[in-house]
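Listed below are the residues making up each chain.
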Amino acid sequence: MGVIRAFKRNFSDLFKKLFKKQNARIGIYGPPNAGKTTLANRIVRDWTGDAMGSVSHIAHETRRARRREGVTINTNGSSITLDIIDTPGLATKIDFHEFMEQGMDEAESKRRAKEATEGVIEAVKWLENLDGVILVMDATEDPFTQVNVTVIGNMEARSLPLLIVANKVDLAEASPSTIRDAFPQHPMVSISALEGKNIETFYEELAKRFG
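Predicted model only: the values in this text are computed from it and were never measured. (Residues numbered from 1 in each chain as written. Predicted model: local features only at pLDDT ≥ 70, side-chain atom pairs only at ≥ 80, totals over all residues. Heavy atoms only, no water.)

Colleague: Looking at this structure, I do not really get the overall build of the protein. What am I missing?
Modeller: The helix and strand tally for the protein stands at seven helices and six strands. Sequence-ordered secondary structure for the protein, helices as α and strands as β, is α-β-α-β-β-α-α-β-α-β-α-β-α. Each of the 211 residues in the protein was classed as buried or not, and the buried ones make up 43%. Across the protein, contacts joining residues at least 24 apart in sequence account for 68% of those joining residues at least 6 apart. Summing over all exposed atoms, the protein offers an accessible surface of approximately 11,400 Å²; the carbon and sulfur share of this is 51%. (Helix = DSSP H or I, 4+ residues; strand = E, 2+ residues; numbered from the N terminus. Buried < 20%, exposed > 50% of the residue type's maximum accessible area, 1.4 Å probe, protein only. Contact = heavy atoms within 4.5 Å. Areas by Shrake-Rupley, 256 points an atom, 1.4 Å probe, with all protein chains shown as cover.)

Next comes the structure, spelled out in structure tokens:
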């Protein structure tokens with residue numbers, strides 16, 4: 001009988017390991033300087049005390065995807081554990097001259113442009129392995145870009161959850177309603193990732209959308 005009990009216990013443990021529910025993998029996407037890493041840092045810092053990566057006013061500061069596993073968010077009586085993937089800014093063209101305009105020499109500019117291009121390719125590949133996307137848009141800019149339309153179209157084709165974030169609402173020229181009107185078929189939250197404005201509503205939407 002002891003052997004049978006031990007077998008049942010071991011089988012039960014193995015079954016739980018084999019069928020343990022994985023954390024939802026959520027990618028943070030958007031164009032360069034929309035505030036993706038600022039938002040990733042906000043999420044990770046609020047719930048773990050750490051940071052995800054450095055930010056800069058120079059486009060393409062994030063040139064490799066970064067993953068933080070097991071971020072548990074507790075909000076409005078519910079809890080959700082996510083793997084957060086902060087992706088490089090998506091762009092249709094990356095010109096090394098843009099980096100030279102920021103004071104970098106030609107060699108450094110070309111290196112950064114090459115890394116940024118590779119980062120875009122990596123970000124696109126990540127779309128194959130995600131359970132949902134947070135699409136960050138700069139609320140001070142026109143939302144009708146090829147990047148935004150492409151990401152939204154990809155998520156719709158895969159029937160994967162998508163949450164649009166209208167970021168930088170702390171700026172006077174921000175117009176989150178323009179983004180809402182542009183993509184009314186998807187939920188949207190207006191926030192300032194930098195200042196934390198409306199961040200609780202964002203977490204509630206995260207739990208609702210990806211829980």
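Colleague: Honestly, unusual backbone geometry in this entry has me stumped. Any pointers?
Modeller: Negative phi values dominate among residues other than glycine, just as trans dominates among peptide bonds. Backbone geometry places Lys168, a non-glycine residue, at a positive phi of 70°. Among the secondary structure elements, Lys168 is positioned in the loop between strand 5 (162-167) and helix 6 (176-182). The exposure class assigned to Lys168 is partly exposed, which follows from its relative accessible area of 22%. Positive phi, close to 65°, is recorded for Asn198, a residue that is not glycine. Tracing the backbone through its elements, the reader meets Asn198 in the loop between strand 6 (188-190) and helix 7 (199-210).

Colleague: Before we go on, may I ask you to explain helix 7 in this structure?
Modeller: Within an α-helix, residues lying three or four positions from one another point in the same direction, as the helix has 3.6 residues per turn. When the terminal C-alpha atoms of helix 7 are compared, their 16 Å separation across 12 residues agrees well with the 16 Å that a helix rising 1.5 Å per residue should span. Considered for burial, the residues of helix 7 that qualify are Ile199, Phe202, Tyr203, Glu205, Leu206, Ala207 and Phe210. (Expected span 1.5 Å × (residues − 1).)

Colleague: Looking at this structure, how should I read the packing of helix 2 (residues 36-48) against helix 7?
Modeller: For any two helices packed against each other, one specifies the crossing angle of their axes together with the interaxial distance. Where helix 2 meets helix 7, the axes come as close as 12 Å, and the angle between the chain directions of the two elements is 85°. Between helix 2 and helix 7, the angle falls in the class roughly perpendicular. For the pair formed by helix 2 and helix 7, the contact residues are Leu39, Arg42, Ile43, Asp46 and Trp47 on the first element and Ile199, Phe202 and Tyr203 on the second. Looking at the contact of helix 2 with helix 7 residue by residue, the class counts come to six nonpolar, no polar and two charged. (Axes fitted to C-alpha atoms, helices over the stretch in contact; angles between N-to-C directions. Parallel < 35°, antiparallel > 145°, perpendicular 65-115°, else oblique. Nonpolar A, V, L, I, M, F, W, Y, C, P; charged D, E, K, R; others polar.)

Colleague: I would appreciate a short explanation of the pairing of strand 1 (residues 24-29) in the present structure.
Modeller: A regular strand carries its side chains on alternate faces of the sheet. Summarising burial for strand 1: five of the six residues are buried, a large majority. Two strands pair when backbone bridges link them, and strand 1 and strand 3 (residues 78-86) are joined in this way by five bridges, in the parallel orientation. The residue of strand 3 that forms the bridge with Ala24 is Leu82. Across four bridges, strand 1 lies against strand 4 (residues 132-138) in parallel orientation. In the sheet register, Gly27 faces strand 4, and the bridge partner there is Val133. (Pairing = 2+ DSSP bridges.)

Colleague: So what exactly am I meant to see when it comes to the sheet that holds strand 5 here?
Modeller: Strands belonging to one sheet form pairs held by backbone hydrogen bonds; the direction of such a pair is parallel or antiparallel. One open sheet holds the six strands; their spatial order is 2-3-1-4-5-6, and the pairing between them is mixed. Edge positions in the sheet fall to strand 2 (66-75) and strand 6, since each of these pairs with one other strand and no more. Ignoring which end each strand starts from, the neighbouring axes of this sheet average 25° apart. Bridge analysis of strand 5 against strand 6 gives three bridges, and the strand direction is parallel. Paired with Ala166 across the strands is Ser190, a residue of strand 6.

Colleague: Even after reading the chapter, I still don't get the packing of aromatic side chains, so can you show me in this structure?
Modeller: Aromatic ring pairs are defined here through the distance separating the ring centres and the angle between the ring planes. Following the criterion strictly, the structure yields three aromatic pairs and no others. Both rings, one in Trp47 and one in Tyr203, keep their centres 5.3 Å apart while their planes meet at 75°; by these two values the pair is edge-to-face. Highlighted residues: Trp47 in helix 2 and Tyr203 in helix 7, separated in sequence by 156 residues. Take Tyr203: its relative accessible area is 0%, and that puts it in the buried class. Among the aromatic residues, those joined into a cluster by ring pairs are Trp47, Phe202 and Tyr203. (Phe/Tyr/Trp six-rings, centres within 6.5 Å; stacked < 30°, edge-to-face > 60°.)

None of the figures reported here should be taken as evidence of function without further support.
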